[in-house]
Amino acid sequence: MSQQVGSYYVPHGSRWPIIAAIGLFVFMWGAAHWLDGITPEGPVLLFSGLAILIFMFFGWFGEVIRESLKGVYSAQVDTSFRMGMMWFIFSEVMFFAAFFGALFYSRGLQVPWLAGEGHGALTNFFLFRHYTGGWPTNGPASVGGPFETVPPWGEPLINTLILLSSSVTITIAHHALRDGNRRRMLPWLVATPILGMLFVYFQAREYMDAYTHLNLTLHSGIYGATFFMLTGFHGLHVTLGSIMLWVIAYRAWRGHFSKEHHFAFEAVAWYWHFVDIVWLGLFLFVYIM
Amino acid sequence: MSTHAATHDDAQHDDVPKGFVHRWLFATNHKDIGTMYLVLALVMFFVGGTMAMVIRAELFEPGLQLVQPYFFNELTTLHGLVMIFGAIMPALVGLANWQIPLMIGAPDMALPRMNNLSFWIMPFAFLLMLSTLFMPGGAIAGGWVMYPPLILQTGESLAFTIFAIHLMGISSIMGSINIIATILNLRAPGVDLLKMPLFVWTWLITAFLLIAIMPVLAGAVTMLLTDKYFGTNFFNAAGGGDVLLYEHVFWFFGHPEVYVMILPAFGVISEVIPTFARKPLFGYKPMVYATASIAFLSFIVWAHHMFTVGLPVGAQLFFMYATMLIAVPTGVKVFNWVATMWKGSMTFETPMLFAVAFVILFTIGGFSGLMLGLVPADYQYHNSYFVVAHFHYVLVTGAAFGIMTGVYYWLPKWSGHMYSERWGKIHFWLSVISVNVLFFPQHFLGLAGMPRRIPDYNVAFADWNMVSSIGGFVFGATQLIFVGNIIYTVYFAKNQAPARVWEGAHGLEWEVPSPAPHHTFSTPPEIKPGMLAHGDIAH
Amino acid sequence: MTQPVLPTAQPSVSRRVVRALLAMASVLPAFPALANPQHPSAWQINLTRGDSGLSHDVWDLHMAVFWVCVCIGIVVYGVLVYSLFKFRKSKGAKPDTGFTHHTLLEVVWTTIPVLILIGLAYPASRLLVYENNTAGSQLTVKVTGVQWLWRYDYVDYLGQPIRHVGLISKLAEDSNEARQGVPGISPWNIKSKSGVRDYLLNVTEPLVVPTHTKIQFLITSVDVIHGFWVPALGWQADAIPGQIHDAWGEFDNPGTYRGQCAQLCGQDHAYMPIVIKAVPRSEFQQWLADRESKAHMDVISRTAQVVRASETQPQG
Ligand code: HEA
Ligand code: HEA
Ligand code: CUA
Ligand SMILES: [Cu+2]
């Protein structure tokens, strides 16, 4: 199984990880303060943490890029990076799985029980006698007031098409890169984060619409909770993915990637495909069904 | 020997970084990072242990003597969280960091800088979490499981604790990714998957578990966060949500989590018993498969923590059967350990003593686990001290003893000196006696009807509680010997440990000198017959 | 001299330690010894058998699985301890390094546990199904956990709905004083009329139920999760806000059965005991009739209070 190895590159000490740890700590510490309404400490800490993190990303990745360009990474190191990215994406899958699980449980079991089906007969009879369930719902107490759902065939459909085409564009860019065709790669690569940002724009509009016209808010019972949690975290991933894509596009423009050697490009592409697939799940289970 | 050549080669650029900051804060060396993990774990074991001592002191007698009920709940909660996330898990990751590269002939962990980040997140996470003890409303006090709606009544500390848990999750995920990449990608030629030491196998599987469950925990606590701060209704029936949703998601994490704490300990025991029985591990392949089966089953038993919530009968039956099934692969492990000793030639140095105690006492914990798995019986045991007894048997005499086994076993390799065998034995005997005085009577208390998480109780429970507390104080004090022995070995011992510390030890880690040089296996070792503990035995 | 005048003194620590050691020595033979079904007793080491067919079945299952574990333990530990003595290097044992796997053995020690487990799963499943079947109950009581007290509402009896009979059951006053450290009163000298040391196991007003009656409990909560646990019934059930959890139980003999809230529910979790007074059916009927006629207005206002409290309880 294990392939013949030369010398595996072991970096000699680095200050970036601890800066990252401090940055994360300050960021989270600030976030907690802020949530508890402790201002101005909250925002100040949070943004300081963010600043440290951004500084750290430049420093850390800069170092990695320099090393990579120097050619110290053997094929084996490359494999480690690949595995790292793959398992990271797996962890993200599980993160979304928790929220999808919440959706399926609430919709498939809890709401019917509250409405008195099967196991929930007594609960319904004694506690929520007039509740009939159904989906979407904001529960027996109609928490957050009456609301409407986002129609799937408007912005969500547009967004589906946007994300799907962005998967195509990045794949074309990838093929171009492998063919060594820089001319062809760059425009397709740049198109991808532009599509990503377009997606975020439409989602923001959709949210605005939900809040102002549909009365669909975070407060809208279990429907609002699952809707915003799932789409919100996904939107966050699209945003981060777009930023990553810009970085990759910049690096491609600077000529960092070769035909054989472009792990960073592939990693971001995988990530992007993952975000895309999650969206398909969302489109199906959150919007259509 | 080629490995020696390799290490001589190493010696030339065996540049241990100069200066505290460079060596520790900027560390990329798996041995240094392993050491930091182990030190952190020891410190947190004492922090969590101190809380346990206050708990036991308050429970020494009926009536309230030392602490107020709310503070007691804070202590219980933090004791659980600190011991699980701060003591047991980091200690196991520390062992992994030290040993996995040594055992598979790798130069280091696959992603050394990320390794550093995984570690350094942890102290900060605990800073965040423990700081809440000093906040106006106090720390969270809803138990380590943090069930809503109770936990949503917490004041300011909830957000801090949740973010601390997020940080720990990030750390665990990165640590696990590192371990997987190291094992799958950095094995020296000849160390095939089915020739890897069992410790490496158990960690491979554990790392997979961790990557699968930590994000789920993050999801669960994130929902708590939004319910508390953003007005969502995940856990509120009036809004169509359900408090049981939290329990399901939490235990989907929580049950595999307990195997995260025990599987690497199984791995340690599977290294130590063959060494001191001077006989290869019995049933190597069944051991690997059993570990994998346990890991698989651990995903489908979570609701055995929720038997009393009123699930549909069918669900209760399913989770009961799945839970009972776990006894089978676990039994396979126990039987194989015993069979390894059978027809061996045993000596009883401290690691072996702890390993034998592990097999016996973990099994007791497993038996009570099986009893808990029978739903109608669990209706009586649930949330009583019987459960507390169960999980301390598997966690203290299981996971913690497993860690102590590993520390005694490998400390000479790490430090280059032999620990004091005499004090090791004293530590062992005092521990093994007092820990049973501490936790065995808790079975009785639970059966007699004492609920867990209470600071005060009826006088009928007084006697066994007093016994348990006395055992607890002795056990706690005994751990000072452990620390003393470690400090002595590292800083004061004059003796020089040989490369192969134990007569019966096999495996690559024993081919390098003691203490293991700062860099080992910069070029992969050439595996000769007899160097691996498993796999090259002729049949 | 029938009534002791002085409060019972707390036994000295040293005497209790000596007793502890003695008791430990007698642990094994005493294990299956029966415990009082009504309340815990000092040095008790085993589960109560409870006071109904159901709880006896639970106890039997508990003992069955206990003895199964003991037997497996004897075999496993037997072999283990034997090897520890037999295969020592100091005794000149030579390792048989060829004995490293044995397929038949592996199959055997995988199969036998499976069979044992099936043997245990069968009665457990039957009992579980029986326990979860509340059909045919004659009395229905709604149990509501509140931070930190229990509220009981009688729903129906022998098919007849009951209106406005309910009661609130809080920690008894003497226990409450003792736990707050009021001088001159200690956990040790709090006693019920019948001489039970009922510190933290006594309430202002117990739930009254008839004996020989299948009682359905509808358990819920208005704030956080509580746990309804009276060991004599043979089970506990979580009281979950927004959910009715039904369970049933029975008492064969009149008596005062004590239990506690089992689920952490905040700072006074240790201070919300459950006391059920089982009385003969005739007596129960009398009691119920009294309550139904007399206390109407009172109960209505109290109910309203609790309901209001539950509505203003912060949620989410
Ligand atoms: C290291 C940690 C660890 C381990 C390994 C286990 C192992 C097991 N646990 Fe435990 N458990 C916990 C940690 C652990 N547990 C914790 C922390 C809690 C409480 C959480 C909380 O509420 O705070 C808990 C709670 C808990 C409960 C819920 C109790 C309740 O709250 O009501 C249950 C119920 O089924 C359970 C069951 C089991 C079972 C069946 C096993 C099995 O894996 C055991 C298998 C082993 C054996 C059975 C022994 C060896 C086998 C043989 C010798 C073979 C032959 C045997 C037979 C055929 C019987 N555990
Ligand atoms: C993960 C591992 C782990 C470990 C190692 C321990 C170790 C110990 N635990 Fe822990 N415990 C849990 C995990 C663990 N526990 C969990 C998950 C819970 C559930 C929490 C919840 O309900 O939410 C729990 C709950 C729990 C309870 C129940 C609390 C309650 O329900 O209210 C009790 C009570 O006795 C207890 C006791 C102890 C004791 C005495 C030790 C001892 O083994 C500790 C020994 C160590 C030391 C004492 C430190 C070293 C020494 C010193 C500090 C020197 C000073 C000491 C002296 C001079 C005496 N634990
Ligand atoms: Cu109510 Cu605990
Ligand atoms: Cu479990």
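Positions within a chain are numbered from 1, following the residues in the order the chain's sequence is written. All chains are assigned letters beginning with A, and all ligands numbers beginning with 1, in the order in which they are written. This being a predicted model, a pLDDT of at least 70 is required before a residue's local features are given, and a value of 80 or more before pairs of side-chain atoms are given or counted; all residues contribute to the totals for chains, interfaces and linings. The side-chain quantities take in all heavy atoms of the structure and omit both hydrogens and water.

This part covers the coordination of the iron atom of ligand 1. In a perfect tetrahedron of four donors around a metal, the angles come out at 109.5 degrees. In a perfect octahedron of six, they are 90 or 180 degrees. The sole protein-derived ligand of the iron atom of ligand 1 is His390(B) (NE2), positioned 2.2 Å away. Each metal site is built from N, O and S donor atoms within 2.8 Å (3.2 Å for Na, K and Ca), and since water is not included, such sites may look incomplete. A separation of 4.4 Å is found between the iron atom of ligand 1 and the copper ion (ligand 4).

Before going further, it helps to examine the coordination of the copper ion (ligand 4). Residues and elements named next belong to chain B. The protein atoms that coordinate the copper ion (ligand 4) are His255 (ND1), His304 (NE2) and His305 (NE2), at distances spanning 1.8 to 2.1 Å. Per-residue accessibility, obtained with a 1.4 Å probe over protein chains only, is compared with the maximum for each type, and a residue is labelled buried under 20%, exposed over 50%, and partly exposed between these values. The exposure class of His255 is buried, given its relative accessible area of 4%. The class for His305 is partly exposed, based on a relative accessible area of 22%.

Residues in contact with ligand 1 amount to 31 residues; listed here are only the nearest, Trp144(B), Tyr259(B), Asp378(B), His382(B) and His390(B). Flanking ligand 1 are residues from chains B and C. Asp378(B) places a polar side-chain atom, nitrogen or oxygen, 2.5 Å from an oxygen atom of ligand 1. In the model, a nitrogen atom of ligand 1 is placed 3.0 Å from a nitrogen or oxygen of the His390(B) side chain. Listed by contribution, the elements that provide at least two residues to the shell around ligand 1 are α8 (243-277), α11 (327-341), α12 (350-373) and α14 (385-415) of chain B. In this classification, Asp, Glu, Lys and Arg are treated as charged, Ala, Val, Leu, Ile, Met, Phe, Trp, Tyr, Cys and Pro as nonpolar, and every other residue, Gly included, as polar. For the shell around ligand 1, the class distribution of residues is 18 nonpolar, eleven polar and two charged. What makes a residue near a molecule or strand is one non-hydrogen atom of that residue sitting within 4 Å of it. In protein, a polar contact means a hydrogen-donor-capable atom and an acceptor-capable atom, both N or O and within 3.5 Å, with residues adjacent in sequence counting only if both atoms are side-chain atoms; elsewhere, any N or O pair within 3.5 Å suffices. Only DSSP runs of H or I reaching four residues or more are called helices, and only runs of E reaching two or more are called strands; each is numbered from the N terminus.

Another point: the interface of chain C and chain B. Here a residue-residue contact requires only that any non-hydrogen atoms of the pair lie within 4.5 Å. Contacts between chain C and chain B engage 101 residues on the former and 102 residues on the latter. When two parts are put together, the accessible area they lose, computed with a 1.4 Å probe and summed over both, is reported as buried area. When the two sides are added together, the surface that chain C and chain B hide from each other amounts to roughly 8,700 Å², 69% of it contributed by carbon and sulfur. Per-residue buried area on chain C facing chain B is highest for Phe87(C), Trp109(C) and Leu264(C); these three make up 8% of the total on that side. For this analysis, a salt bridge means a side-chain nitrogen from Lys or Arg found within 4 Å of a carboxyl oxygen belonging to Asp or Glu. Counting every contact that joins chain C to chain B gives two salt bridges. Lys343(B) is the salt-bridge partner of Asp96(C), the closest N and O atoms lying 4.0 Å from each other. Counting the contacts that link chain C with chain B gives 29 residue pairs in polar contact (both at pLDDT 80 or more). By residue class, the composition of the side of chain C that touches chain B is 58 nonpolar, 30 polar and 13 charged.

What follows concerns the domain arrangement of chain C. Residues and elements named next belong to chain C. Segmentation of the chain into domains, including their bounds, is taken from an automatic or database domain assignment. By the assigned domains, chain C splits into domain 1 (28-87 + 106-131) and domain 2 (139-297). Computed over C-alpha atoms, the centres of domain 1 and domain 2 are 30 Å apart. Each partner contributes residues to the interface: domain 1 has 14 residues there, and domain 2 has 17 residues. Buried surface at the junction of domain 1 and domain 2, both sides included, amounts to about 1,300 Å², of which 53% is carbon and sulfur. On inspection of domain 1 and its partner domain 2, the count reaches ten residue pairs in polar contact (both at pLDDT 80 or more).

All names here are of chain B. Surveying the vicinity of ligand 2 reveals 35 residues, the closest of which are Arg56, His79, Trp144, His392 and Arg453. Trp144 has a polar backbone atom sitting 2.8 Å from an oxygen atom of ligand 2. Between ligand 2 and the protein, one listed contact pairs an oxygen atom with a backbone N or O atom of Arg453 at 2.6 Å. Listing elements by their share of the shell around ligand 2, those giving two or more residues are α3 (30-58), α4 (69-104), α14, α15 (421-448) and α16 (462-492). No other element matches the eight residues that α3 contributes to the shell around ligand 2.

This part takes up the nonpolar core. Note that soluble globular proteins tend to have their nonpolar side chains buried in a common cluster. Ranked by size, the top nonpolar core spans 391 residues in total, and within it Tyr154(C), Phe217(C) and Phe228(C) carry the most contacts. With 23 residues, helix α7 (residues 198-229) of chain B is the single largest residue contributor to this core. Residues in contact with Phe217(C), not counting those within four places in the same chain, are Val141(C), Val143(C), Leu207(C), Phe228(C), Leu233(C), Trp235(C), His245(C), Asp246(C), Ala247(C), Trp248(C), Gly249(C) and Ile276(C). For the purposes of this section, nonpolar cores are sets of buried Ala, Val, Leu, Ile, Met, Phe, Trp, Tyr and Cys residues that join through side-chain atoms within 4.5 Å.

One turn of an α-helix holds 3.6 residues; hence residues three or four places apart share an orientation. Residues and elements named next belong to chain B. In this model α7 runs 45 Å from its N-terminal to its C-terminal C-alpha over 32 residues, within 8% of the 46 Å that 1.5 Å per residue would give. Among the 32 residues in α7, 30 count as buried, and that is most of the element. Gly231 sits one or two positions beyond α7 and adopts a positive phi of about 70°. To estimate how far a helix should extend, the number of its residues minus one is multiplied by 1.5 Å.

What follows covers the packing of helix α3 (residues 53-86) of chain C against helix α4 (residues 103-131) of chain C. Residue and element names in this part refer to chain C. Taken N-terminus to C-terminus, the directions of α3 and α4 make an angle of 165°; their axes are 11 Å apart at the nearest point. Classified by the angle their axes make, α3 and α4 are roughly antiparallel. Considering only the axes of α3 and α4, their crossing is left-handed. Residues Leu54, Asp57, Val58, Leu61, Val65, Val68 and Ile72 of α3 form the contact with α4, whose own contacting residues are Ile116, Leu120, Pro123, Ala124, Leu127, Tyr130 and Glu131. Among the residues making up the contact of α3 with α4, the classes are represented as twelve nonpolar, no polar and two charged. Inter-axis angles, ranging from 0 to 180 degrees, are taken between N-to-C directions of lines fitted to C-alpha atoms, where helices are fitted over the stretch in contact. Here the angle decides the label: under 35 degrees means roughly parallel, over 145 means roughly antiparallel, 65 to 115 means roughly perpendicular, and every other value means oblique. Throughout, a crossing is termed right-handed when the near helix is turned clockwise from the far one, and left-handed when it is turned anticlockwise from it by less than a right angle.

Turning our attention to the interface of chain A and chain B. The parts lose accessible area when they come together, and the size of an interface is often stated as this lost area. Chain A puts 71 residues into the contact, and the matching count from chain B is 72 residues. Taken together, both faces of the contact between chain A and chain B bury some 5,900 Å²; the carbon and sulfur share is 74%. Inspection of the chain A/chain B interface yields two salt bridges. Across the pair Glu67(A) and Arg113(B) runs a salt bridge whose closest N-O atoms are separated by 2.8 Å. Counting across the chain A and chain B interface gives 17 residue pairs in polar contact (both at pLDDT 80 or more). Of all the elements in the fold, those that place two or more residues in the side of chain A that touches chain B are α1 (16-35), α2 (41-70), α3 (75-114) and α7 (221-253) of chain A. With 21 residues, the top contributor of residues to the side of chain A that touches chain B is α3(A). The class makeup of the residues in the side of chain A that touches chain B is 44 nonpolar, 23 polar and four charged.

So, on to the pairing of strand β5 (residues 207-210) of chain C. All names here are of chain C. Alternating positions in β5 separate into two faces, Leu207 and Val209 on one and Val208 and Pro210 on the other, with burial throughout. In this sheet, strand β11 (residues 273-279) lies alongside β5 in parallel orientation, the contact comprising four bridges. Paired with Leu207 across the two strands is Ile276, which belongs to β11. Whether two strands pair comes down to DSSP finding at least two bridges between them.

All names here are of chain A. Each domain of chain A was delimited in the assignment, giving domain 1 (1-73) and domain 2 (75-288). The partner domain 2 presents eight residues to the seven residues of domain 1 that form the contact. In this assembly, domain 1 packs against domain 2 so that about 860 Å² is buried in total across both faces, 64% of it on carbon and sulfur atoms. Here domain 1 and domain 2 share zero salt bridges between them. When its residues are assigned to classes, the side of domain 1 that touches domain 2 shows six nonpolar, one polar and no charged.

What follows concerns the pairing of strand β1 (residues 139-146) of chain C. Residues and elements named next belong to chain C. Most of β1 sits out of view: eight of its eight residues are buried. A two-sided burial pattern is seen for β1, the buried positions comprising Leu139, Val141, Val143 and Gly145 on one face and Thr140, Lys142, Thr144 and Val146 on the other. Linkage of β1 to strand β2 (residues 149-157), two consecutive antiparallel strands, is achieved through a turn of two residues. One ladder, built from seven bridges, connects β1 with strand β6 (residues 215-221); its direction is parallel. Paired with Lys142 across the strands is Leu218, a residue of β6.

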